Amino acid sequence: MALLPILRYPDPRLHKVAQPVQAVDARIRALIADMFETMYEAHGIGLAATQVDVHERLIVIDVSEQRNEPMVLINPEITWGSAERLRGDEGCLSVPGVYDGVERAAAVTVSALDGEGQSRSIPAEGLLAVCIQHEMDHLMGKVFVDYLSPLKRNRIKSKLLKQLREEARP
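Residues numbered from 1 in each chain as written. Predicted model: local features only at pLDDT ≥ 70, side-chain atom pairs only at ≥ 80, totals over all residues. Heavy atoms only, no water.

(A) Looking closely at the pairing of strand β4 (residues 85-92). Relative to strand β5 (residues 95-105), β4 runs antiparallel, the two being bridged by seven bridges. Bridging from a neighbouring strand, D89 pairs with G101 of β5. Counting the residues that bridge the hairpin from β4 to β5 gives two residues. (Pairing = 2+ DSSP bridges. Helix = DSSP H or I, 4+ residues; strand = E, 2+ residues; numbered from the N terminus.)

(B) Representation of the nonpolar core. The biggest cluster of nonpolar side chains holds 18 residues, and the ones touching the most others in it are I59, I61, L73 and I132. Every element with two or more residues in this core is listed here: β2 (58-61), β3 (71-81), β6 (107-113), β7 (119-125) and α2 (126-139). The element that contributes the greatest number of residues to this core is α2, accounting for six residues. In this structure, L73 is in contact with R57, L58, I59, I61, V110, A112, L113, I122 and I132, ignoring residues within four places of it in sequence. (Core = buried A, V, L, I, M, F, W, Y, C linked by side-chain atoms within 4.5 Å. Buried < 20%, exposed > 50% of the residue type's maximum accessible area, 1.4 Å probe, protein only. Contact = heavy atoms within 4.5 Å.)

(C) Representation of the sheet that holds β7 within the structure. Read across the open sheet, the five strands follow the order β1-β2-β3-β6-β7; overall the sheet is antiparallel. Each edge of the open sheet is held by one strand with a lone partner, namely β1 (46-48) and β7. Taken over all neighbouring pairs, the strand axes of this sheet differ in orientation by 40° on average, direction set aside. On the sheet, helix α1 (residues 26-41) packs against β1, β2 and β3 and is oriented at approximately 40° with respect to β2. Each of β1, β2, β3, β6 and β7 touches α2; the most contacted strand, β2, lies at about 150° to it. (Axes fitted to C-alpha atoms, helices over the stretch in contact; angles between N-to-C directions.)

(D) Quick look at the pattern of salt bridges. Across all of its chains, the model carries nine salt bridges by this definition. The residue E167 makes a salt bridge to R8 at a minimum N-O spacing of 3.0 Å. Of this pair, E167 sits in helix α3 (residues 150-168) while R8 sits in the segment before α1, and the two are 159 residues apart along the sequence. In this structure, the salt-bridge partner of R13 is D11, at a minimum N-O distance of 2.6 Å. A relative accessible area of 35% means that R13 is categorised as partly exposed. The network of salt bridges with common partners includes D11, R13 and D53. (Salt bridge = Lys/Arg side-chain N within 4 Å of Asp/Glu carboxyl O.)

Laid out in structure tokens, this is it:
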């Protein structure tokens, strides 16, 4: 297993639309393992392949407190979303240190392949539902700050570009 570099907003690669995974093979299983390792090391609860510059429809999630309930979603599709909406602060490993309110469906059902290539239908509510929707946005080339006003988005972009410049200094 290996830690993968996480793309940081406003990297344009975060806006690429992911393509379907063609086969759940050894390459995908190795990527899944690397993504879990990367997500756990970064203290995240979800990671989309887009965030590690792999533009395939693959997500790893673990919203459990003990970090022992890993979930793999390959080629996920939301098949149902509740009319009830929730607005909560979201953060993102690609937008470090930034949290802001985003409105999402309170509950969803997602169909996807798991890490073994088996088809699953997963009902989700609360944090898991939010996490699934957030990570699926990444697969569509969307980052949570895209839901914010242009003024907020530009402030965040300026702040993160400044951080990147400071980190690049010798």
